[in-house]
Amino acid sequence: MEKMDSVIEPMLLESVKLEEAQKKNQYIGAVCVSLGAVCAGTVLAWTSPVLPQIQIPKSNMTNATGGVSLNETILTNLTQVLGNATLNSTDIGFKLTESEGSLVGSMLAIGALISAIPGGYIADRIGRRNINMLIAIPYIINWLLIVFASNAVMLYIARFFAGLATGAVCVTAPMYIGEIAEVSVRGRLGSFFQMCLCFGIFLTYLVGALLPWVGLSWVLLAIPILFAIAMYFLPDTPVYLIKCGRVTDADKSLRYFRGPNYNVSNEMKVIEANLAASEEKKAGLKDLVASRGNRKAMIAALGLMLFQQMSGINAVIFYTVPIFQSAGTSMSSDVAAVTVSIVQFVIAYVAAMIIDKRGRRFYLMLSSIGMMVCVAALGLYFHLKLNKISFAGLGMLPLSSLVLFIVAFSLGLGPIPWMILSELLAPEIKGVGSGITVMTNWLFVFVVTFSFPLMNSGLGGHITFYVFAVILFLATCFVYYYVPETKGKTLSEIQMLLNK
């Protein structure tokens, strides 16, 4: 009987990890660190409700015959009276030109481009918990600069700080989740980041529809403060603590995230072995092209990041309200933007549930083809509007196209480039390869968000969206010819496939 008890007791202890009650702290940790994703979603979406309030509409600057409008005359006279100073009094408020508004939107990407790689490096030096707490600071600086802004330069600086935080949190928050989650819930917890980012977008659209831009910014200031407070009460990850030689703290962290009765010794040994193996296989830039497999993996990863951003997704997120305003539909642009963001949030959850049902290539091609049809439909709408052609139901085309565009993006080109990145890259090049692909992603975020309003103004909405449709056609061809299927394959099988 005693022998039977000696066998059953360890089995019962190991089975504790399968009970949802013992996973509670893993969910709490994932939610807390995903508040950083909410912060990221708010700064990504902020320009959409705000730019229409602070940017001088092009239609107000010139009249139909190309002459100077009354609004432009008033602005010119006021500028002369004030000695060409920026119009920033509390009575009339400062206004942005079209190019200034474009730069405000794209400064976020510049900051993110700079911080994407250092974010991971700093996390290795001071810890996953501490870096996420520190990330709240530039977010707070961003909102304070915005609410007290008196000119465009203050907005540029604010958005740059927001970008620094966003580029880093996109690396450090998923890192924290990945290192606290056990295998059985890792996929579910990993999806929290994307869902919370979508929630941040929805929150910004909703509050932005109810409050002026300064009030909106005051409300959003509370989120990074809450983020820092939440992270303060969490332990650091077991992986980081073992890497630093803090075995006792790592033991406490594992017991916090697995439950007090969990036998941590086996998992501690696995973590130690994985850390030792990764140290032995560190690689540099030259290793990215040292083999056929590495070259093909980098081409696939970089290509997916390029097409993810060149599809126009962030142009749609940044400028949802202006798009509906320029479309001139009967539906309120704010209501339409909130509708789009709700759909995005719901589909982000659905996508996390079904992403493993079919292959990666299937969802990528379904996504790119669906998005291509949607932006082509948007282009057609603006084309018909330009030629003053109208018919029943045409006014619903922008909303339906954008909603379906978000659905298609969330099923493929949204989550899969990030997911497939870890599957394609060999362990020895994963660090440097991931850094380069993240930088590539943010580089094209800047290109698209800066150029979209200028293209929309200079070429017209129809040509702009037709260009995105052509890019998405090329994306479909790229996936078909260059992206390997990784679903259901081990890392070694994927590397064998790439090296053929």
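This is a predicted model, so every value here is computed, not measured. (Residues numbered from 1 in each chain as written. Predicted model: local features only at pLDDT ≥ 70, side-chain atom pairs only at ≥ 80, totals over all residues. Heavy atoms only, no water.)

Quick look at the overall build of the protein chain
Working step 1: Counting its regular elements, the protein chain contains 24 helices and zero strands.
Working step 2: When the 500 residues of the protein chain are sorted by exposure, 49% land in the buried category.
Working step 3: Long-range contacts, defined as pairs at least 24 residues apart, comprise 81% of the intrachain contacts of the protein chain with a sequence gap of at least 6.
Working step 4: With the model as given, the accessible surface of the protein chain reaches about 22,400 Å², and the carbon-plus-sulfur share is 67%. (Helix = DSSP H or I, 4+ residues; strand = E, 2+ residues; numbered from the N terminus. Buried < 20%, exposed > 50% of the residue type's maximum accessible area, 1.4 Å probe, protein only. Contact = heavy atoms within 4.5 Å. Areas by Shrake-Rupley, 256 points an atom, 1.4 Å probe, with all protein chains shown as cover.)

Focus on the side chain of Arg-258
Working step 1: Tracing the backbone shows Arg-258 in helix 13 (residues 247-258).
Working step 2: For Arg-258, a relative accessible area of 2% corresponds to the buried category.
Working step 3: A distance of 2.6 Å separates a polar atom in the side chain of Arg-258 from the backbone oxygen of Ile-180. (Polar contact = N/O pair within 3.5 Å; in protein donor to acceptor, adjacent residues only side chain to side chain.)

Side note on helix 3 (residues 35-45)
Working step 1: Here helix 3 lies mainly inside the structure; 11 of its 11 residues are buried.
Working step 2: For helix 3, the full list of buried residues reads Leu-35, Gly-36, Ala-37, Val-38, Cys-39, Ala-40, Gly-41, Thr-42, Val-43, Leu-44 and Ala-45.

Notes on the packing of aromatic side chains
Working step 1: Applying the stated criterion across every chain yields a total of 15 aromatic pairs.
Working step 2: On the basis of an interplanar angle of 75 degrees and a centroid distance of 6.5 Å, the ring pair of Phe-160 and Phe-161 is categorised as edge-to-face.
Working step 3: Classification of Phe-160 by relative accessible area gives partly exposed; the value is 24%.
Working step 4: Measuring from centroid to centroid gives 6.2 Å for Phe-199 and Phe-202, while their planes differ by 50 degrees, and the two rings are tilted. Placement of both Phe-199 and Phe-202 in helix 10 (residues 183-210) is noted, with a separation of three residues, approximately one turn of the helix.
Working step 5: On the basis of relative accessible area, Phe-199 is assigned to the partly exposed category, the value being 33%.
Working step 6: For Phe-202, a relative accessible area of 18% puts it in the buried group. (Phe/Tyr/Trp six-rings, centres within 6.5 Å; stacked < 30°, edge-to-face > 60°.)

Some thoughts on a nonpolar patch on the surface
Working step 1: On the surface, a nonpolar cluster with roughly 570 Å² of combined accessible area is contributed by Phe-199, Ile-342, Phe-345, Val-346, Tyr-349, Val-350 and Met-353.
Working step 2: When residues of the nonpolar patch are assigned to their parent elements, the largest contribution, six residues, is made by helix 18 (residues 333-354).
Working step 3: Here Ile-342 is to be found in helix 18. (Patch = residues over 30% accessible without salt bridge, like charges linked within 9 Å, V, L, I, M, F, W, Y side chains within 5 Å. Salt bridge = Lys/Arg side-chain N within 4 Å of Asp/Glu carboxyl O.)

A look at the packing of helix 8 (residues 128-147) against helix 11 (residues 213-232)
Working step 1: Taken N-terminus to C-terminus, the directions of helix 8 and helix 11 make an angle of 165 degrees; their axes are 9 Å apart at the nearest point. By the angle between their directions, the pair helix 8 and helix 11 is classed as roughly antiparallel. Note that helix 8 runs across helix 11; the crossing there is left-handed. Contact residues: Arg-129, Asn-132, Met-133, Ile-135, Ala-136, Tyr-139, Ile-140, Trp-143, Leu-144, Ile-146 and Val-147 in helix 8; Trp-213, Val-214, Ser-217, Trp-218, Leu-220, Leu-221, Pro-224, Ile-225, Phe-227, Ala-228, Met-231 and Tyr-232 in helix 11.
Working step 2: Considered class by class, the residues forming the contact of helix 8 with helix 11 number 20 nonpolar, two polar and one charged. (Axes fitted to C-alpha atoms, helices over the stretch in contact; angles between N-to-C directions. Parallel < 35°, antiparallel > 145°, perpendicular 65-115°, else oblique. Left-handed = near helix turned anticlockwise from the far one by under 90°. Nonpolar A, V, L, I, M, F, W, Y, C, P; charged D, E, K, R; others polar.)

Topic: the nonpolar core
One recurring pattern in soluble globular proteins: nonpolar side chains tend to sit buried together.
Working step 1: Membership of the largest hydrophobic core comes to 77 residues, with the highest contact counts inside it found for Trp-46 and Leu-155.
Working step 2: Among the elements that take part in this core, helix 9 (residues 152-180) stands out by supplying 14 residues, more than any other.
Working step 3: Each of two domains, domain 1 (24-57 + 95-234) and domain 2 (285-499), supplies a minimum of three residues to this core.
Working step 4: For Trp-46, the residues in contact, after removing those within four places along its chain, are Val-104, Trp-143, Ile-146, Leu-155, Arg-159, Thr-204, Trp-213, Leu-216, Ser-217 and Leu-220.
Working step 5: Within the second largest apolar cluster, 53 residues are counted, among which are Met-298, Leu-304, Leu-394 and Ile-471. (Core = buried A, V, L, I, M, F, W, Y, C linked by side-chain atoms within 4.5 Å. Domains from an automatic or database assignment.)

Re the environment of Asn-499
Working step 1: Relative to the helices and strands, Asn-499 is located in the segment after helix 24 (491-498).
Working step 2: Look at Asn-499 and you get partly exposed, because its relative accessible area is 39%.
Working step 3: Residues contacting Asn-499, with those up to four places away along its chain left out, are Ser-291, Arg-292 and Gly-293.

Considering the confidence of the model for the protein chain
Working step 1: Per-residue pLDDT for the protein chain has a mean of 78; in total, 78% of the residues score no lower than 70.
Working step 2: Counting interchain partners and residues more than four positions distant, the pLDDT-below-50 stretch residues 1-18 has nine contacts.
Working step 3: Ignoring residues within four places in sequence, the model shows residues 60-92, a span with pLDDT below 50, making 32 contacts including any to other chains. (pLDDT = per-residue confidence, 0-100.)

A look at the environment of Asn-25
Working step 1: Looking at the element boundaries, Asn-25 is found in helix 2 (residues 24-33).
Working step 2: Asn-25 gets classed as buried once you look at its relative accessible area, which sits at 18%.
Working step 3: Sequence-wise, Asn-25 and Gly-259 are 234 residues apart; in three dimensions their C-alpha atoms are separated by 8.2 Å.
Working step 4: Not counting residues within four places of it along the chain, the set of residues in contact with Asn-25 comprises Tyr-256 and Phe-257.

A word on a positive patch on the surface
Working step 1: The grouping of Arg-292, Arg-295, Lys-296, Lys-489 and Lys-500 at the surface amounts to a positive patch.
Working step 2: If you trace the backbone, Lys-296 turns up in helix 15 (residues 292-310).
Working step 3: On the accessibility criterion, Lys-296 (31% relative accessible area) is partly exposed. (Lys, Arg positive; Asp, Glu negative; His and termini not counted. Charge placed at Lys NZ, Arg CZ, Asp CG, Glu CD.)

Section: the pattern of salt bridges
Working step 1: Here the structure, examined in full by the defined rule, presents six salt bridges.
Working step 2: Residue Lys-243 is joined to Asp-124 by a salt bridge in which the shortest nitrogen-to-oxygen separation is 3.5 Å. With Lys-243 in helix 12 (residues 238-243) and Asp-124 in helix 7 (residues 98-126), this residue pair connects regions lying 119 residues apart in the sequence.
Working step 3: Across the pair Glu-179 and Arg-128 runs a salt bridge whose closest N-O atoms are separated by 2.9 Å. Here the residue Glu-179 occupies a position in helix 9, and Arg-128 occupies one in helix 8, the gap between them amounting to 51 residues. Both residues of the pair, Glu-179 and Arg-128, belong to the buried class.

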